[in-house]
Amino acid sequence: MFSILRINTANGDSIRESHSSTEYLLGGRTLSSRLVSREVPADCEPLGKKNSLYFCNGALSGTTVSSSDRISIGGKSPLTGGIKESNAGGVVGTRMSQLGLRAISLEGAPARDAEWQIFVIGKEGVERISGEFLAGKGVYEKSELLSEKFGKKAGCITIGPAGESLLYSAGIACSDPHGVCSRYAGRGGLGAVMASKRVIALVLKDDGEVKPEIQDQDKFKAGSRKIVKMLKENPVSSKFTKYGTAAMVDICQALKVLPTRNFTHGVMEGAEKINAQTMYDTIKERGGEGLTQHACMHPCAIQCSNVYPDKDGKLLCSPVEYETMALMGSNLCLKNLDTIATMNRIANDAGVDTLDCGAAIGVAMEAGLAEFGDNDAAIQMMEEIRNLTPLGRILASGCKIAAQVLGVLHAPHVLGQGVPAYEPRGSKGMAVTYLSSPMGADHTFGFTLRDEEVPTSKEGKVDLSKKFQVIGSRMDAMGMCNFVRYSVRDDMGPLLDLIEARYGAVLSEEEFDNMVIETLKLEHQFNSDAGIPASAHRFTETFYDERQPETGEVVDITDEETLQAMKW
Amino acid sequence: MVTVNFRLTEAGEVNVELNEPQPLATILDKAASRAGIELGGVIAVRSGQAITLDTPINDDDIIDVFPAISGG
Ligand code: SF4
């Protein structure tokens, strides 16, 4: 049996329910998207009391299986107006398992002027305490205060000042293994949804005593070892170990899809100044607290994360990932890793998504508010966000709103969510993925780039995107880290064997994929019921009209092709 | 002579002799065995264009080969 803890945020009451269905067994996005579909009225206001927020760990959470402790956070997104699943690493999933929880829901909402509240969940039950002492503080300070009060090992979930102010690019920050809330479910504005319930933090105490029940210990141990071996031997996942996701800078530059100058180019002169090798060398050279390898959760055999130090070797930001390096780096023509790490740190502190804010700053630079390549101005714009100035609030509302306010036509978004770090005109597979995702532009939804023989051609890309929509969604579907997918993309057997060894439940690859596809259908249905028209699944017209100089390409994906990519 | 540049690996630059055009797959096999590395999925780029495993490679071509990593 699996438990969901339902918290009524209006009166602080909570109840535990037990379930035994496959959706609860798999957890992750399988569960979060079903709960949203079933329980949240599709046409509700995202920041109103009818929306709910769900936190779900996955099928292998709390065990010895590498990279199996991500949590999926689901709700209706204020940024896209549709369904949202955003996931994060860290230790929260483990703490939920130790407290016997598969899911937590935050339901209802108190009066708008109610005081900030924290729900503290431990083995003795749920306690509601005042969260006023956290109000207005940055996420780093909040992390320290939460650690002081509940210990560094508690699993904490919090929001930054941007979330408190109900801004649409506000994310939800989760504790890393050091007690710092730096692992973000950044996308879709779910931080604002949490704030709309006047919940400033959730704390999962480190007093849980529930051990994973495992039906077949020997088979489970062997299966767990097999996953580690596969991850270590896989030439792709093992690359993450040395360079992390930063390796994509060189690859995207070579393929001419590195977002540059507010997505008007796909190549940045001097990109090597912010590439993986430079980052690796800088971290090694500075030493101190810097780490080229780091795990966001335990255990993780890949350890793609890093700790980027300042000039004195003190932690500046952890992690700094490719998506941020592109959206807050090349997209703004910035060639300085220290600037990118500083902006990333401010974003983490303000509690905003680095992609959506990077895209919004690109739009602001195009509007003439600052020069592309101006390091100080870019950092200053992030400070405006942290300080919640009028401009900062506009930027933290995402690039669609920023473009409307600032009069910019070339706004890189789909459904209001900023386009991630692969220029869609140079990769038609990624264009199809961005257009057809129920989450708005999302690269993890169906990552085609590495499998596109001719990235600039749209031939076969609907099918390719759909293939990777399933492969990519499999990991989210059961709370695994996305980077495990390289090792199981052709054979999910090792993970399904682990599920069988743990629960005694036999799930064939076909049955599992059917659950994944069913999730996609439910997500699309929710959006349709929410009133999102097919015509919203488009880029701004400029992507169809203006050629990307380096490839000579425009987006040529038709509405019909987008619909095909959404049809299951 | 074809130059294969294995980017983001210790292998670095490897040269492969060529008498007549051969598919990229053949060139990569030779270059990888010379460098003593195992190739997983790769993205290959010649003169700024992505090329496929059956693309004919000519003498004097320079090919950048990246491990096919993707973002997360
Ligand atoms: S591979 Fe990276 S993101 Fe995934 S679990 Fe490990 S450290 Fe976290």
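Residues numbered from 1 in each chain as written. Chains lettered and ligands numbered in written order. Predicted model: local features only at pLDDT ≥ 70, side-chain atom pairs only at ≥ 80, totals over all residues. Heavy atoms only, no water.

### Let's talk about the interface of chain A and chain B
Contact with chain A, which involves 26 residues of that partner, is made by 20 residues of chain B. Here chain A packs against chain B, burying approximately 2,100 Å² in sum over the two surfaces, 65% of which is carbon and sulfur. Seen at the junction of chain A and chain B, the total is two salt bridges. Among the ionic pairs, K242 of chain A bridges to E10 of chain B, the shortest N-O distance being 2.7 Å. The interface formed by chain A and chain B contains one residue pair in polar contact (both at pLDDT 80 or more). At the level of secondary structure, the elements contributing two or more residues to the side of chain A that touches chain B comprise α8 (235-243), α9 (248-254) and α19 (485-488) of chain A. At six residues, the largest contribution of residues to the side of chain A that touches chain B is made by α8 of chain A. (Contact = heavy atoms within 4.5 Å. Buried area = accessible area lost by both parts, 1.4 Å probe. Salt bridge = Lys/Arg side-chain N within 4 Å of Asp/Glu carboxyl O. Polar contact = N/O pair within 3.5 Å; in protein donor to acceptor, adjacent residues only side chain to side chain. Helix = DSSP H or I, 4+ residues; strand = E, 2+ residues; numbered from the N terminus.)

### Overview of helix α20 (residues 493-503) of chain A
Since one α-helical turn is 3.6 residues long, residues separated by three or four positions face the same way. All names here are of chain A. Judged by how many residues are buried, α20 sits mostly within the fold: nine of 11 residues are covered. Listing the buried residues of α20 in full gives G493, P494, L495, L496, L498, I499, A501, R502 and Y503. If you follow the buried residues of α20, they end up packed against β1 (2-8), α1 (22-26), α7 (217-233), α18 (461-477), α19 and α21 (509-529). Directly after α20, the chain includes G504, whose backbone phi takes a positive value near 75 degrees. (Buried < 20%, exposed > 50% of the residue type's maximum accessible area, 1.4 Å probe, protein only.)

### Observations concerning the sheet that holds strand β6 (residues 103-107) of chain A
Residues and elements named next belong to chain A. On the basis of which strands lie adjacent, the open sheet formed by six strands has the order β2-β1-β6-β3-β4-β5 and mixed pairing. At either margin of the open sheet sits one strand with a lone partner, and together these are β2 (14-19) and β5 (83-88). Sheet twist, expressed as the mean angle between neighbouring strand axes with direction ignored, is 20 degrees. By the bridge criterion, five bridges tie β1 to β6 in an arrangement that is parallel. Paired with N8 across the two strands is E107, which belongs to β6. (Pairing = 2+ DSSP bridges. Axes fitted to C-alpha atoms, helices over the stretch in contact; angles between N-to-C directions.)

### Quick look at the domain arrangement of chain A
Residue and element names in this part refer to chain A. What the domain assignment reports for chain A is domain 1 (2-204) and domain 2 (234-417). Centre-to-centre, using C-alpha coordinates, domain 1 lies 25 Å away from domain 2. Here domain 1 packs against domain 2, burying approximately 2,700 Å² in sum over the two surfaces, 53% of which is carbon and sulfur. Counting across the domain 1 and domain 2 interface gives three salt bridges. With a closest N to O distance of 3.1 Å, D356 and R187 form a salt bridge. For the pair domain 1 and domain 2, the number of links is 15 residue pairs in polar contact (both at pLDDT 80 or more). (Domains from an automatic or database assignment.)

### Side note on the pattern of salt bridges
Following the criterion strictly, the structure yields 32 salt bridges over all chains and no others. Close ionic contact of R7 of chain B with D250 of chain A constitutes a salt bridge, the shortest N to O distance being 3.7 Å. With R7 of chain B in the loop between β1 (2-6) and β2 (12-16) and D250 of chain A in helix α9, the pair connects residues from two separate chains. Assessed through its relative accessible area of 25%, R7 of chain B is described here as partly exposed. Within the structure, one salt-bridge network assembled from shared partners comprises R6, E17, E39 and E107 of chain A.

### Focus: the pairing of strand β11 (residues 181-185) of chain A
Residues and elements named next belong to chain A. Of all five residues in β11, five are buried; the element is thus mostly enclosed. As defined by bridge partners, strand β10 (residues 172-175) adjoins β11 across four bridges and the pair is classed as antiparallel. Bridge pairing links S175 to C181 in β11. Hairpin connection from β10 to β11: five residues lie between these consecutive antiparallel strands, with G179 at a positive phi of about 85 degrees.

### Points about the packing of aromatic side chains
Residues and elements named next belong to chain A. By the definition in use, this model includes eight aromatic pairs over all chains. Where F2 meets Y503, the ring centres are 5.5 Å apart and the plane angle is 70 degrees; that geometry is what we call edge-to-face. Pair noted here: F2 is in strand β1 and Y503 is in helix α20, with a separation of 501 residues, a long-range link. Taken individually, F2 and Y503 each receive the classification buried, so the pair is uniform in this respect. On the numbers, 5.6 Å between centres and 50 degrees between planes, the contact of Y322 with Y422 is tilted. (Phe/Tyr/Trp six-rings, centres within 6.5 Å; stacked < 30°, edge-to-face > 60°.)

### Remarks on unusual backbone geometry
Glycine aside, a negative phi is what most residues show, and trans is what most peptide bonds show. Residues and elements named next belong to chain A. Residues H298 and P299 are joined by a peptide bond in cis, for which omega reads -5 degrees. Within the fold, P299 resides in the loop between β13 (291-294) and β14 (305-309). With an omega dihedral of -5 degrees, the bond running from S318 to P319 counts as a cis peptide bond. Inspection of the secondary structure puts P319 in the loop between β15 (315-317) and α11 (322-327). If you check the backbone angles, F263 has positive phi at about 55 degrees while not being a glycine. Tracing the backbone through its elements, the reader meets F263 in the loop between α9 and α10 (276-286). On the basis of relative accessibility, which here comes to 0%, the residue F263 falls in the buried class.

### Looking at the nonpolar core
Residue and element names in this part refer to chain A. Ranked by size, the top nonpolar core spans 144 residues in total, and within it L60, M382, Y422, M478 and L495 carry the most contacts. The leading source of residues in this core is helix α13 (residues 354-366), at eight residues. If you count residues domain by domain, this core takes at least three from each of domain 1 (2-204) and domain 2 (234-417). When neighbours within four sequence positions are excluded, M382 is seen to be in contact with M328, M343, I346, A347, V352, C357 and I361. Core analysis: the next-biggest nonpolar cluster, separate from the first, contains 43 residues, F55, F150, C181 and L202 among them. (Core = buried A, V, L, I, M, F, W, Y, C linked by side-chain atoms within 4.5 Å.)

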